[in-house]
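# Breakdown of the fold
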Amino acid sequence: MAGWLWFLLQLVIIAGFVTYLIISAKKAKQENRTTWFMKTWEKDSVKSIASSLMSIILGLLIGCLILFIMVLIPTQGSKLSMKSAIDGIQLIFSGIFNTGRNANGSLIFGFNSVNIGDMLFRATPLILTGLSVAVAFKTGLFNIGAPGQYLASTSVTLILALSIPTSVVHPIFVWIIAFFGGILVGALWGVVPGIFKALLNVNEVITCIMMNWISANLVTMLFDKQIGPFKNLLDPSGTKNLAYVFKTTHNGVATPKLGLDLIFEGSQVNFGIIIAIVIAILIHIILNKTTFGYQLKACGSNKNAAKYAGINDKVCTIVSMAIAGGLAGAAASLYYLAGNTEFAWETYQSLPAVGFNGIPVALLACNHPVGTVFSAIFISLLDVNGMQLKYMTPYNEYITSIITAIIVYFSAFSLLFKQILNGKIKINLKNIFKRNSEKTVETIEKETATEDKKEVIE
Amino acid sequence: MENYAIEMLNITKTFGGKPANDNISLQLRKGEIHALLGENGAGKSTLMSILFGLYQADSGIIKKDGEVIEIKGPKDANKYRIGMVHQHFKLVEVFTVLENIILGSETTKFGFIQKKESREKIIKLSEEYGLNVDPDKLIENTTVGMQQRVEILKMLYRDNDILIFDEPTAVLTPQEIEELLKIMKRLAESGKSILFITHKINEILAVADRCTVLRKGQYVGTVNVSETNKVELTEMMVGRKVEFVVQKEECKPGDTVLEVNKLVVSGSKKNKNAVNNVSFKVRRGEIVCIAGIDGNGQSELAYGITGLEKIKSGSIVFNGEEITHSSVNRRNKMGLAHIPEDRHKFGLVLDFTLENNLVLKKYNEEQFQKFRFIKKDEIRKYAEELIEKFDIRSPQGPTNSARTMSGGNQQKAIIAREIDVNPELLIAVQPTRGLDVGAIEFIHKQIVAQRDLGKAVLLFSLELDEVMNLSDRILVMYEGEIVGELDPKQTTVNELGLYMAGTKNNVKGDN
């Protein structure tokens, strides 16, 4: 009951605040002055954040709607009721704070160290794959190769961490070697599409996808039970169909916890999250404070102008893809060096989702490096909330995956929302219902209109 | 009461609190050519967009034949027989002329297009107004002038009787302009009412009956063209007196700065070199102008010299050093400044702020970086200096995004940046394209000032006035070759036109 009330209270507070802002802005407009809110609103970054929030909220609302629809669909043996839908909504919004059910069977909420710690742990690789995609985007490239870079780095990290005898080399040095080894291989996997793009103008999306599958098959071969050169690293306790590579703790190598396990008791979190955040800040500094970042961004926004200014766009493309690959590599290294994660790889199954999830992470953050930290944490929050939904209600894991996917899907609408906030797109309900054929000519005309408008507004 | 085809009364339209049109009235008589004159950003395009239904006015009314009408979109505009030729043509390149004309109002039978009737109508219209259009030619194979006539035919095909021409002469050669003006007169004679948007006063004097002038979104006045003159119209448009003739002293050429020898650049065409065997020299203290009709290899020549395009053969010597295959960066460092033809494609990173654009070629210099870390304060200071010096206007000053600046101010920013590197050679490609009189005057003064400082200036221009006024020596380019070297003091616009059209050639030997 308490959770339900809290939820209502939150809604009332938010609605009240928004109404206050709108009313004060309207009043100020009439009196021809500006409020603090209007001034802040003019800033681009504020609009970015607002649009991200709007898309998240929309996604969450649609997710809730699906919970209700699932209740309404008659299924044999379904245990879903209205109560489970209401529980579900609470869990979608605040499942991370769920601490179980009380004697009456209603959900209770509070600080849940395992959930929060796990959220941070799951966010670690996402931050880095998100950064990987964002850095490439900033240079005008679409790094869809993050899964392949991640996978390549995974295998090399594990091989290095498990093969170097800790009796000879101190585990910390093994950790460092494995970490940087992973980054290097990731960078290698990223630089190939970069070179093809720069020198031969082959679309990086194609080469990235190729590299993904090369990586997938290569890893399958490396850890094959019969012929794999590294089959000695497989955990014999795996079943016939599923092979596990040893956890790195098998060799005594693991990322230190540095007290984080005390704060988030019982969770998997480790020092990796701090490393990921530091890398995000470093990338932010490189992109925004250095001449190198200036070059990359110039290439990304306008390749021709960059060329004209004497910037070597080819080098920019290659280096940017190498950095992107390295970041995806670091994601894998940090995840598998945690010590409590095991790598199970089956032939041709799929590419690691965490690589692809870098794309929504980057989009949600509007490609801002520090923003990726928050969007990655948000997406792993959804994951954790989804798991709570699965454990605490009769909704099965597929529904939770669908809802998470929908929320992520809507979060990609943040760019659209931003354009609406900037007044570039006007929502006209009449137009939506008009026939498509009528629209075509108009859209062409409208395009010129916006161009003209730009000229008018000096 | 007078018989007006279209009346726009007390139109006001604001964008984000800034009035683009402030209480503007425009009355178009039946069968007249009415010019709409104003600088860039004066509100011409906004006003026409309102008439065409792309925007809705905040207040004010539109009347057709005395009746108040409401135009909510191009469909409505079409219903009231208002047609528009846009500055950038709206044609499908891979369709034929016929298909482009009927696009959107095809006659169909059982869902199949009936082209026969349309073809007859188009041929009839084409003959009636002397448009000389071949309905079966693909648009991509036609000239710009022809494409424009297709746009005119599009309006006539839809029986429009109010025709809006948005800066129609910007893309045409002198001969094509003359042809267009004739067509416009013919259309007016047959009862069509024409709105002619332009900032070129000579053309207004040539064809228009009346002229309405806008300035900074305000209505300045409407005058009968027969009772006015160039000076008066310009003053109305700009709000002050403007010097048309560029004031400059005698040219005193010094040493050779740039030497181009038998240069060949292949360009995009397969079987023909865009620049073929071109040789010339540019000396200190002179403005050499490459004249010619658009698309005769000028762009490729400029890209070749500035390093943006690869050289096939020949050589370029700059200040005694061969730079034929040097990188763009090397050329920039040696003192080659370049005002590019396409300011959006090459000149600016539109998503960057103004200040970041101003250091586009300088960000790597000691002044702006330490250990590769950018000194933001220094950039701000430098940007503010340039903004002050070159009068670059933007709402938010140095932090304004380049994208939201007006064309004139974008160009000023590029010129500020290029001139401030203190170049040995300034290559200016169509530096005044699409700009208004005030901005043109400013840019011309800057270019002459560079010459007087002893710099070499290589100017590429399509505007005959600019070529004649600004240059000390004219080289005419035709089909990738230099066909004439002229002295602006001893030649006429007509003679220049003949060279540009390829009918005359005074360069022998090499070519």
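Residues numbered from 1 in each chain as written. Chains lettered and ligands numbered in written order. Predicted model: local features only at pLDDT ≥ 70, side-chain atom pairs only at ≥ 80, totals over all residues. Heavy atoms only, no water.

## Topic: the interface of chain A and chain B
Taken together, the contact between chain A and chain B spans 33 residues of the former and 49 residues of the latter. Between chain A and chain B, roughly 3,700 Å² of surface is buried when both sides are summed, and carbon and sulfur atoms account for 61% of that area. The interface formed by chain A and chain B contains zero salt bridges. On the surface where chain A and chain B come into contact, there are 13 residue pairs in polar contact (both at pLDDT 80 or more). Counting residues per element, the side of chain A that touches chain B draws most heavily on helix α19 (residues 436-456) of chain A, at 12 residues. Class assignment for the residues of the side of chain A that touches chain B results in 11 nonpolar, 10 polar and 12 charged. (Contact = heavy atoms within 4.5 Å. Buried area = accessible area lost by both parts, 1.4 Å probe. Salt bridge = Lys/Arg side-chain N within 4 Å of Asp/Glu carboxyl O. Polar contact = N/O pair within 3.5 Å; in protein donor to acceptor, adjacent residues only side chain to side chain. Helix = DSSP H or I, 4+ residues; strand = E, 2+ residues; numbered from the N terminus. Nonpolar A, V, L, I, M, F, W, Y, C, P; charged D, E, K, R; others polar.)

## Things to note about the packing of helix α10 (residues 272-289) of chain A against helix α11 (residues 291-301) of chain A
All names here are of chain A. In the contact formed by α10 and α11, the axes pass within 5 Å of each other and the chain directions differ by 75°. In terms of axis orientation, α10 runs roughly perpendicular to α11. Contacts from I286, L287, N288 and K289 of α10 reach α11 at T291, F292, G293, Y294, L296 and K297. Its residues assigned to classes, the contact of α10 with α11 shows five nonpolar, three polar and two charged. (Axes fitted to C-alpha atoms, helices over the stretch in contact; angles between N-to-C directions. Parallel < 35°, antiparallel > 145°, perpendicular 65-115°, else oblique.)

## Examining the sheet that holds strand β16 (residues 313-318) of chain B
Strand order in the open sheet formed by four strands is β14-β13-β16-β17 (chain B), and the pairing between neighbours is antiparallel. Of all strands in the sheet, those with a lone pairing partner are β14 (275-283) and β17 (321-322) of chain B, marking the two edges. (Pairing = 2+ DSSP bridges.)

## Remarks on the nonpolar core
Core analysis: the largest hydrophobic core is formed by 146 residues, its most contacted members being L128 and F223 of chain A together with L358, I392 and L496 of chain B. Sort the elements by how many residues they give to this core and helix α5 (residues 113-138) of chain A lands first, with 10 residues. Not counting residues within four places of it along the chain, the set of residues in contact with L128 of chain A comprises A276, I279, L327, A328, A330, A331 and L334 of chain A. Core analysis: the second largest hydrophobic core is formed by 48 residues, V150, I152, M155 and F196 of chain B among them. (Core = buried A, V, L, I, M, F, W, Y, C linked by side-chain atoms within 4.5 Å. Buried < 20%, exposed > 50% of the residue type's maximum accessible area, 1.4 Å probe, protein only.)

## Let's talk about the domain arrangement of chain B
Once the domains are mapped, chain B shows domain 1 (4-238), domain 2 (251-335 + 425-511) and domain 3 (341-422). The gap between the C-alpha centroids of domain 1 of chain B and domain 3 of chain B is 36 Å. (Domains from an automatic or database assignment.)

## Focus: the pattern of salt bridges
Residue and element names in this part refer to chain B. Per the counting criterion, the structure on display carries 33 salt bridges over all chains. Here K412 and D391 are joined by a salt bridge, their closest N and O atoms 3.8 Å apart. Of this pair, K412 sits in helix α14 (residues 407-420) while D391 is found in the loop between α13 (376-390) and α14, placing the two residues 21 residues apart along the sequence. Looking at K412, the relative accessible area reads 11%, which means it is buried. Overall, the relative accessible area of 32% leaves D391 in the partly exposed class. Taken together, the shared-partner salt bridges connect R283, E286, R473 and E485 into one network.

## What to know about the sheet that holds strand β3 (residues 234-235) of chain A
All names here are of chain A. Read from one edge to the other, the open sheet built from three strands follows the order β3-β4-β5, with strand pairing classed as antiparallel. Edge positions in the sheet fall to β3 and β5 (343-344), since each of these pairs with one other strand and no more. Where β3 lies against strand β4 (residues 244-245), two bridges are found, and the strand directions are antiparallel. Residue pairing across strands places L234 opposite V245, the latter belonging to β4.

## Quick look at the packing of aromatic side chains
Taken as a whole, this structure holds 12 aromatic pairs over all chains when the rule is applied. Between the aromatic rings of W175 of chain A and F179 of chain A, the centroid separation amounts to 5.1 Å while the plane-to-plane angle is 25°, which identifies the pairing as stacked. Here F179 of chain A and W175 of chain A lie together in helix α7 (residues 171-200), a separation of four residues that amounts to about one turn. An identical accessibility class is assigned to W175 of chain A and F179 of chain A; each is buried. Measuring from ring centre to ring centre gives 5.5 Å for Y336 of chain A and F343 of chain A, while their planes differ by 80°; the resulting arrangement is edge-to-face. When its relative accessible area of 9% is taken as the criterion, Y336 of chain A is described as buried. Each member of the aromatic cluster is reached from another via a ring pair, and the members are F121, Y150, F223, Y335, Y336 and F343 of chain A. Sitting over the face of the ring of Y308 of chain A, K361 of chain B holds its NZ or CZ atom 4.2 Å from the ring centroid. (Phe/Tyr/Trp six-rings, centres within 6.5 Å; stacked < 30°, edge-to-face > 60°. Lys NZ or Arg CZ within 6 Å of the ring centre and 35° of its normal.)

## As for the confidence of the model for chain A
Caution applies to low-pLDDT regions: their predicted coordinates should not be interpreted in detail. Averaged over all residues, the pLDDT of chain A is 82; the fraction at 70 or higher stands at 85%. Low confidence marks residues 432-458 of chain A, where pLDDT is under 50. Its contacts with residues over four positions away, or in another chain, come to 39 contacts. (pLDDT = per-residue confidence, 0-100.)

## Here we look at unusual backbone geometry
Note: most residues except glycine have negative phi, and most peptide bonds are trans. Despite not being glycine, K262 of chain B shows a phi value in the positive range, around 45°. In this structure, K262 of chain B sits in strand β13 (residues 256-265).

## Focus on the side chain of R343 of chain B
All names here are of chain B. In this fold, R343 is placed in helix α11 (residues 343-347). A distance of 3.4 Å separates the side chain of R343 from the side chain of Q411, its partner in a polar contact. Those residues within four positions of R343 in sequence are excluded, and the remaining contacts are L348, G407, Q410, Q411, I414, R433 and L435.

## Notes on a nonpolar patch on the surface
A surface patch of nonpolar side chains, about 590 Å² in accessible area, is lined by I206, M210, I214, L218, M221 and I227 of chain A. Within the element layout of this structure, M221 of chain A appears in helix α8 (residues 204-222). (Patch = residues over 30% accessible without salt bridge, like charges linked within 9 Å, V, L, I, M, F, W, Y side chains within 5 Å. Areas by Shrake-Rupley, 256 points an atom, 1.4 Å probe, with all protein chains shown as cover.)

## A few points about helix α9 (residues 298-306) of chain B
Residue and element names in this part refer to chain B. Most of α9 sits out of view: nine of its nine residues are buried. Within α9, the full set of buried residues consists of Q298, S299, E300, L301, A302, Y303, G304, I305 and T306. Backbone geometry just downstream of α9 places G307 in the positive-phi region, at approximately 90°.

## Overview of the packing of α7 of chain A against α8 of chain A
When two helices pack together, their arrangement is captured by the angle between the axes and the distance separating the axes. Residues and elements named next belong to chain A. Put simply, α7 and α8 touch, their axes get as near as 9 Å, and they point 150° apart. Taken together, the axes of α7 and α8 lie roughly antiparallel to each other. Considering how the two elements wind past one another, α7 and α8 form a crossing that is right-handed. Of α8, the residues touching α7 (which contributes W189, V192, P193, F196 and K197) are E204, T207, C208, M211, I214, S215 and L218. (Left-handed = near helix turned anticlockwise from the far one by under 90°.)

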